[in-house]
Amino acid sequence: MKKTINLEIPNPVAIFGPGNRILNEFCSYYPGLNVTDKGSMIILEGDEAQIDDFEQKFSQLVQIRYQKSNLTTYDVEDLFSGTHSTSSLAEHGNAVIVHTTDGRAIRARNENQEKMVKAYFDSDLVFAVGPAGTGKTYIAIALAVRALKNREIKRIILTRPAVEAGERLGFLPGDLKDKLDPYLQPLYDALGDMIPPKRLQDFMANGTIQIAPLAYMRGRTLDRACVILDEAQNTNMGQLKMFLTRMGTSAKFIVTGDATQVDLPRKEDSGLLKGISLLRDIKGISTIFFGDDDIVRHPLVNKIVKAFGD
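About the thresholds
Residues numbered from 1 in each chain as written. Predicted model: local features only at pLDDT ≥ 70, side-chain atom pairs only at ≥ 80, totals over all residues. Heavy atoms only, no water. Core = buried A, V, L, I, M, F, W, Y, C linked by side-chain atoms within 4.5 Å. Buried < 20%, exposed > 50% of the residue type's maximum accessible area, 1.4 Å probe, protein only. Helix = DSSP H or I, 4+ residues; strand = E, 2+ residues; numbered from the N terminus. Contact = heavy atoms within 4.5 Å. pLDDT = per-residue confidence, 0-100. Salt bridge = Lys/Arg side-chain N within 4 Å of Asp/Glu carboxyl O. Patch = residues over 30% accessible without salt bridge, like charges linked within 9 Å, V, L, I, M, F, W, Y side chains within 5 Å. Areas by Shrake-Rupley, 256 points an atom, 1.4 Å probe, with all protein chains shown as cover. Pairing = 2+ DSSP bridges. Axes fitted to C-alpha atoms, helices over the stretch in contact; angles between N-to-C directions.

What to know about the nonpolar core
Step number 1: In this structure, Ile141 and Leu191 are the most contacted members of the largest nonpolar core, which totals 39 residues.
Step number 2: At 9 residues, helix H7 (residues 136-149) tops the list of elements feeding residues into this core.
Step number 3: The contacts of leucine 191, once residues within four sequence positions are left out, are Ile141, Val145, Leu158, Leu200, Ile209 and Ile211.

Right under this line is the structure:
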């Protein structure tokens, strides 16, 4: 059987991708078909059932393109897995968020992670609070990387308060960057899982991805960005207010923290839970509370958290 698909779009590259990268990825799922593209036409030869399926799936791909500024090969993968990221993530929170550099799919692993993903699409400010190992920061960074790859934002900004956990910055060797980098290393690690090293280096060099201590946020207005404040339990009320008021147009803010691991001189100085309480009735703000049962690290972490909590 032979069939021609006519694309009613002015620029086929918007669907095919540069060098036909998207089209070639799509065609790889139909090895039994002979596919030829001529301008805005696709000519198919092969089994009738495969041609019908190709046409149906390709129509879905075109609709996805209308919903975003560009297509990626991840869109094709998600389409064939039945979990296209935009629609399924927003509605259910359990679709593939992004892929790691070795091809592993990152998706929500429990109900509260799904709630966090859905909250990202429903609200411009999301608080995710709970014990260590629940994946709060990792999911937040995955959502930010996804948004950057889909060109929904222009930059990712990750920040942490530089608070010592029983140690002193002054005793660490090196200049200020050398002293602060260990505090920010978990953020580098998560990004390194999701973005190839050379690309990550380029993003950081040109400011597309910025990692900085919280004090460096003062005075900035953050537009078209996904901004993540990690370890927010180590902020006081003034610092939390300073951070939240950096929000500019078309920005998404995610605040993560563990209220049981406060490293401030006095635990009562933490502004995280106080801030959530003050903001709880404001539309556009969501809060997800994780529990011990949501821990997704090594099984021993759950037992350790419970033991220390008793």
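Some points on the confidence of the model for the protein
Step number 1: Put simply, the protein has an average pLDDT of 85, and 91% of its residues get 70 or more.
Step number 2: For the stretch residues 165-169, pLDDT sits under 50, and the model shows 6 contacts to residues farther than four places along the chain or on other chains.

Some details on the pattern of salt bridges
Step number 1: Counted according to the given criterion, the structure contains 9 salt bridges.
Step number 2: With its nearest N and O atoms 3.9 Å apart, the salt bridge here joins glutamate 111 to lysine 115. Note that glutamate 111 and lysine 115 are positioned in helix H6 (residues 111-122) at a spacing of 4 residues, about one turn of the helix.
Step number 3: Judged by relative accessible area, which is 57%, glutamate 111 ranks as exposed.
Step number 4: Given the relative accessible area of 38%, lysine 115 is considered partly exposed.
Step number 5: Its salt-bridge partner being arginine 160, residue glutamate 231 comes within 3.2 Å of it at the nearest N-O pair. Taken as a pair, glutamate 231 in the loop between strand E9 (225-229) and helix H10 (237-244) and arginine 160 in strand E7 (residues 155-160) lie far apart in primary sequence, 71 residues in all.
Step number 6: In this structure glutamate 231 comes out as partly exposed when scored by relative accessible area, which is 25%.
Step number 7: Take arginine 160: its relative accessible area is 12%, and that puts it in the buried class.
Step number 8: Sharing partners across several salt bridges, the network here consists of Arg160, Asp230 and Glu231.

With respect to a nonpolar patch on the surface
Step number 1: A contiguous nonpolar surface patch, about 360 Å² in accessible area, is contributed by Leu300, Ile304 and Phe308.
Step number 2: Relative to the helices and strands, leucine 300 resides in helix H12 (residues 299-309).

Comments concerning the sheet that holds strand E6 (residues 125-129)
Step number 1: Taken in spatial order, the 6 strands of this open sheet run E8-E7-E9-E10-E6-E11, and their pairing is parallel. The sheet terminates laterally at strand E8 (209-213) and strand E11 (285-289), the two strands that pair on one side only. The mean inter-strand angle of the sheet, taken between neighbouring strand axes irrespective of direction, is 15°.
Step number 2: In this sheet, E11 lies alongside E6 in parallel orientation, the contact comprising 5 bridges. Looking at the pairing, leucine 125 lines up with isoleucine 285 of E11.
Step number 3: Those strands touched by helix H11 (residues 272-279) are E6, strand E10 (252-257) and E11, and its axis lies near 135° from that of E6.

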